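# Structural overview
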Amino acid sequence: MKAVRFFGHKDVRVVDDMEIPKPSGEEVLLKIGGAGVCHSDLHIIDEGTVSGSVFTLGHENAGWIEEIGSDVKGYKKGDAVLVYGPWGCGHCKPCQQSKENYCDHQSEMAYGGGLGLNGGMAEYMLVPSSRLLVPIYDLDPVIAAPLTDAALTPYSAIKRSLDKLMADEYVVVIGVGGLGHVALQILREISGAEIIACDVTEDKLAFARELGASYTINSKDADAAEQIKKITGIKKAKVVLDFVGATSTIELGTKVVSLDGDLTIVGLGGGHYQYNMSGLPFGVSMTNPYWGSRVELMEVVGLARQKKIHIEIEKYKLDQANEVYDRLREGKIKGRAVLIP
């Protein structure tokens, strides 16, 4: 079978001589419908954040069950499913709560398929356990694949602050990319707060307005923080969601988050923040959430089936993987790219 393989630093190749795996026990073989291309892949490819053996890329995966192991119950050939991305031990307390993204043994294991173990940028993918599957019913796997990260990650981050996202408050979204553009839709559907979106290009800001942002600010502007505070008034924004994570965006967030607010840094931009007592308003919670739970992915599927969220996608063939990664580096992907076998 054909697959997109990571061989080491900046070495990604499309091969066509992979053997189709045979499932046993709790394993499930999927025929892949689509695999999302995430900016996290570039951290693996360009920066070596995941080291070890050669593996198939792709951690946003959806498809149809092709074959099941002898111990699998409740699934059959042809069922359309998502693959939950973070793979934990399955036994510790967080895993039992469906929060495998915070597995107690995370430091001892690969993060999941496409993140040290074989992922879904291939014609077929072997999933180690049926517990990692989430049914998508009537959704198209090609469109649904990015839900596993591009929707789940912002959904989980937003749920952390849902009690603060009331109709008399403001929320700032920094970065209207693969995750940020979905965050705007989720905020529009499940929160009452007024949305302020920030990005560095006019096309992204126009896109944000289409998706429900009441205000848009170019975060490159030297007075971006002042522009935001002019909108919010003295109380500032109760929640700031940073989907970039660069030093400049973290600093912007600290300037506009309110007393007792939430500053949530989702983006992996490698930014730094030097803490000092007067640098943050009192009561601010600064967090860096990772992905989301399996139950939350089920809830995301519900939002998608009700057509309350939609991921803007660009479709490509597996053979175009390196071309897509170049476009991602250059910021030329609108929404999410999906590789289709």
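Residues numbered from 1 in each chain as written. Predicted model: local features only at pLDDT ≥ 70, side-chain atom pairs only at ≥ 80, totals over all residues. Heavy atoms only, no water.

On to the state of the cysteines. Using the criterion set out here, one finds zero disulfides in the structure. With no disulfide of its own, Cys89 lies 3.7 Å from the sulfur of Cys92, the closest cysteine sulfur. Cys95 carries a free sulfur, and the closest cysteine sulfur to it, the one in Cys92, is 3.7 Å from it. (Disulfide = S-S within 2.5 Å.)

Counting buried residues along strand S11 (residues 170-174), five of its five residues qualify, which places the element largely inside the surrounding structure. The pairing of S11 with strand S12 (residues 194-199) spans five bridges and is parallel. When the sheet's bridge partners are listed, Tyr170 is paired in S12 with Glu194. Pairing analysis gives four bridges linking S11 to strand S14 (residues 237-242), with the strands arranged parallel. Across the sheet, Val171 pairs through a bridge with Val239, a residue of S14. (Buried < 20%, exposed > 50% of the residue type's maximum accessible area, 1.4 Å probe, protein only. Helix = DSSP H or I, 4+ residues; strand = E, 2+ residues; numbered from the N terminus. Pairing = 2+ DSSP bridges.)

Attention shifts here to the pairing of S14. Counting buried positions over the six residues of S14 gives six, a clear majority of the element. Judged from the five bridges that link them, S14 and strand S15 (residues 257-265) form a sheet pairing that is parallel. When the bridges of S15 are listed, Ala237 appears paired with Val257. Each parallel crossover has a hand, and the one from S14 via helix H8 (residues 247-256) to S15 is right-handed. (Right-handed = clockwise from strand over helix to strand, strands pointing away.)

Our focus in this paragraph is the pattern of salt bridges. All chains considered together, the criterion is met by 20 salt bridges. With a closest N to O distance of 2.9 Å, Arg305 and Asp138 form a salt bridge. A residue pair is termed long-range when its members are at least 10 positions apart, and Arg305 in helix H9 (residues 294-305) and Asp138 in the loop between strand S10 (133-135) and helix H3 (141-144) qualify at 167 residues. The class of Arg305 is partly exposed, set by a relative accessible area of 39%. The shortest N-O distance in the salt bridge between Glu202 and Arg209 comes to 2.7 Å. Judged by relative accessible area, which is 40%, Arg209 ranks as partly exposed. Beyond isolated ion pairs, a larger network of salt bridges with shared partners links Asp46, Asp326 and Arg329. (Salt bridge = Lys/Arg side-chain N within 4 Å of Asp/Glu carboxyl O.)

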